[in-house]
Amino acid sequence: MSRTSVPERGLFARAAAFLGLFVLVALVVPLLMLFSSSAADAATFCLPKKDETACIAGTMGSRAEPLEGVDVILTKPDGSTETQTTEKDGKFAFEVTATGDYLVGVDQDTLPKGSELKPPTQPSLRGPEGALKVDNVQLGRSYAATLTVRAAGFSDTTSKWDEFLQSSVNGLRLGLLLALASIGLSLIYGTTGISNFAHAEQVTLGGMLGYGFINVLGLPLFIGGVLVVITCAFSGWLQDRILWQPLRRRGLGLTQLMIVTIGLSLAMQYSYQFFVGAATKQVVVSQATVRTFGPITITDRSLAAMGISIVCIALVGFALLRTRVGRATRAVSDNPALAQASGIDTDKVIRLVWIAAMGLAGLAGLLYALVVNGIKWDTGLQILLLLFAAVTLGGLGTAFGALVGSLVIGLVVELSPLVIPGDFKYAAALLILILLLLVRPQGLLGRAQRVG
Amino acid sequence: MDDIQAILNNMLRIAVDPTTAAVAIAVIGLNIHFGYTGLLNIGQSAFMLLGAYGMAISVTQGWPLLVGVIVGLAVAFVYALVLGVPTLKLRGDYLAIVTISAAEIVRYVGRSVGYEKLFNLTGGAQGIPGSRYRGPFSNLSFFGNGNTTILSFNYHDVSDSPVLRLLGWLVVVGLIILMVRVGRGRFGLGGYARIAAMIGLGLVTAMLVFFLAPVSQQNTGVNGWWFTVITWVLVGISLMIVLGLTTSPWGRALKGVREDEDAMRSLGKNVFAIKMQALIIGGLFGAIGGMMYVLPGSVQPDAMGRNLTFFCYTALLLGGAATIWGPVLGSLIFFVGRIGIIGIANTYLSSDKYINIMNGQQTAQFAFILVGVSLMLLVIFRPQGILGDKRELRFNV
């Protein structure tokens, strides 16, 4: 099939699609409700062994008023969790065997009625839902984690509406960062037809280089940032020069190209692990200053990142709409053969698209590492599908669609925890994508095309 | 020679390992999707995970093993329907994005701790330990207890000199090349004659290999002969089924869909139905592969994520898509090769005796980097793999 063919859709197809959706819902909902529950066991004593284990222990409530029967949840660096129910003395102790960043939270439902977890006063220790961050755990040591509660109606408590506002801002932030990366992905798809699975690894590359330049070499943030973008853009040039252009000349099919990007993605991921290690690297510049606008708290750094993203996206948009090169890019995107016939050097345009896309992805990675939570070898792996979802949602190959799609995905990811458990947030974004494809396969801004 | 012998022993152990065979079954399913029908399913791991969950959860709920297997297959069947209905009429890359997204959704739901009832079933990211569902399968074993070494007569009985083993391994390499040539149809053998020749050569090669590197395992325990034999028997059955299917008119219809969908439509074929059947059948193989994959180990959603699918693709393209033997050969080479690389890196690149440029963890990562690079090189320079036919693989979406 040619690249330009799109779905033919009849009444039957639509009916069948909704039937499929219905079956999915009908299957999942009873599965969630059907089965019974049981409580977890408790172990409240822990001694760290040198080079083997570490302890994260503490008291639920205060020493004077310990809370009994609360489920304390420890989230490990690999994302897995462990749960302990507190005894009469309110104590809990986790024995852990891996170094890294942990998160101590509680199951809200097991707290006494009318109370909630009080978030740590220090913002850098604040995890999601009032949880306590225990960062950089080393083996052979003990870490104290005291969790306290407050009345749910506490004046400082965020209402649903405030929470909604805060999450919306976070969603916007994530959406803008995703947009930086996904516009490039979309342009590459538009001009070359490649679904670049290694694109998210370029995002990781940006964060990793940022860590290298700023934290290891000690360069100032601005210079380091510029170097990151330049290096990543250069990697785009290099990739096109030694890989994609020769493959275009060979006439390799799109499916094969896609599998090549999968191979590249695997090789890059494990290279990061090989050279940098598996732990999360924080790109730390200075203590973040927090600003409060009514119910919304946000760090200066996040505001700056959002500003930079908006400026860059606006520049790309301007370039696409108003400059010669931009018009040429859109022409190649629309019809490569026709563009070439009318005198556009398609190879040059595609080279430029690779350079710009990789530079933007690198910038996105650096900003992501700065404002979200550091960078890790699989950071890209986690956001790759969000990028694809954003691009597909907006309409494959349309740059502005990618922007809209990214914002939608960012908001869905950050807002969905208000209604469903937090660890479903990525799944929710992907589900939105699948649902949209059922109704509008060409995406939000894409044009419907007939099968030839 | 001892270093090399140790590496070869490790490679052989992984070659007969049930997980290798289990992945081979999943790759056989992927071959129906990608090789024969041209469906770009990048979510084969979800079929495996669903099959594994279906079986493991049923057994832990106290249902019989057979019911568990049926539940696993049924879940994969419904999943294929749900995926296929909206996407099979769309362009190929939509199917790719939807399958990989859906696979991630399955994984996220499996590892979630948000709903306690669900968590009690799936065990979150920790998964379900094998000891909780392995019992019924192990109990079926009639192999008894104790250890068995395949070919009690081995090189130790003849001579411990390296020369003999070296010669032996050269013969093994020759036999493998001969098998590849037979598999590619060089000797005018066709159909069942070729399969008989392949099986015969395979047996001789296996005997010689076991003679050179004896493998001793428990009869019934985890990773023991019972698991190994059953899984490889299932691989054989799967191959027979695929051979039967693909040489049937239906198999030709599959290839027709792959080559030119519109032409098939103009011949009055229901392309949607054919694609759907292919998706379901390949998915069922995936589910069986997933069940066998978790039986010796545990159900861990994160271990059955995207990368497993990518490894399946590497194995498939290595062996040759749209061939009968390609998936098995590819899986063998993938796992054995990976262990070989790790072994070589561990022995020669990570010890003070030779060169010490990486640590123990890095050798495994080094192997995966090579996997990624070889996947790229393979697709660029030899997309038909070892056994495939280049003319059959101008597949495109």
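Residues numbered from 1 in each chain as written. Chains lettered and ligands numbered in written order. Predicted model: local features only at pLDDT ≥ 70, side-chain atom pairs only at ≥ 80, totals over all residues.

Chemist: For the overall build of chain B, give the residues involved together with the corresponding values.
Modeler: Scanning chain B for helices and strands turns up 17 helices and two strands. Relative to the globule expectation of 21 Å for 397 residues, the C-alpha radius of gyration of chain B, 22 Å, shows essentially globular dimensions. Taken over the C-alpha atoms alone, chain B extends approximately 65 × 55 × 45 Å along its principal axes. For chain B, the proportion of its 397 residues judged to be buried stands at 51%. (Helix = DSSP H or I, 4+ residues; strand = E, 2+ residues; numbered from the N terminus. Rg over C-alpha atoms; globule rule 2.2 N^0.38 Å. Buried ≥ 20, exposed ≤ 12 C-beta atoms within 10 Å, placed from the backbone.)

Chemist: How would you sum up the domain arrangement of chain A? Please name residues and give values.
Modeler: Entries for chain A in the domain assignment read domain 1 (54–150) and domain 2 (163–284 + 296–439). Computed from C-alpha atoms alone, the centre-to-centre distance between domain 1 of chain A and domain 2 of chain A is 35 Å. (Domains from an automatic or database assignment.)

Chemist: Can you tell me about the interface of chain A and chain B, naming the residues and giving the values?
Modeler: In this assembly, 57 residues from chain A lie in contact with 54 residues from chain B. At the level of elements, helix H1 (11–34), helix H5 (254–276), helix H10 (379–394) and helix H12 (425–439) of chain A are the ones that each hand at least two residues to the side of chain A that touches chain B. Top element by residues in the side of chain A that touches chain B is H5 of chain A. It accounts for 14 residues. Its residues placed into classes, the side of chain A that touches chain B shows 39 nonpolar, 16 polar and two charged. (Contact = placed C-beta atoms within 7 Å. Nonpolar A, V, L, I, M, F, W, Y, C, P; charged D, E, K, R; others polar.)

Chemist: Explain the sheet that holds strand S2 (residues 71–75) of chain A to me, using residue names and the numbers behind them.
Modeler: Residues and elements named next belong to chain A. Spatial ordering of the open sheet is given by S3-S2-S5-S7, a layout of four strands whose pairing is antiparallel. On the outer flanks of this sheet lie strand S3 (81–85) and strand S7 (132–137), each paired with one strand and no other. Adjacent strand axes in the sheet meet at a mean angle of 20°, parallel and antiparallel pairs treated alike. In this sheet, S7 lies alongside strand S5 (residues 100–106) in antiparallel orientation, the contact comprising four bridges. By the bridge assignment for S7, valine 104 is matched with leucine 132. (Pairing = 2+ DSSP bridges. Axes fitted to C-alpha atoms, helices over the stretch in contact; angles between N-to-C directions.)

Chemist: An account of helix H11 (residues 399–415) of chain A is needed here, citing residue identities and associated values.
Modeler: With 17 residues, H11 of chain A extends 24 Å from end C-alpha to end C-alpha; this agrees with the ideal 24 Å at 1.5 Å per step. With 13 of its 17 residues buried, H11 of chain A lies for the most part within the structure. (Expected span 1.5 Å × (residues − 1).)

Chemist: Break down the confidence of the model for chain B for me, citing the residues and quoting the values.
Modeler: All names here are of chain B. Of the residues in chain B, 91% reach a pLDDT of 70 or more, and the chain-wide mean stands at 84. Across chain B, the element-wise mean pLDDT spans from 67 in strand S1 (residues 147–149) up to 94 in helix H14 (residues 271–294). Both scores are given for the predicted complex: the pTM is 0.76, the ipTM 0.84. (pLDDT = per-residue confidence, 0-100.)

Chemist: I'd like a description of the nonpolar core, backed by residues and values.
Modeler: Counting residues in hydrophobic clusters, the biggest one holds 218 residues, and the most contacted among them are Leu180, Leu386 and Leu387 of chain A together with Ile25 of chain B. A total of 19 residues in this core trace back to one element, the largest contributor, which is helix H9 (residues 346–371) of chain A. Sequence-distant contacts of leucine 387 of chain A, that is, excluding residues within four places in its chain, are made with Leu178, Ala181, Ser182, Leu185, His199 and Ala200 of chain A. With 25 residues, the next largest nonpolar core counts Leu67, Val70, Tyr102 and Leu132 of chain A among its residues. (Core = buried A, V, L, I, M, F, W, Y, C linked by C-beta atoms within 7 Å.)

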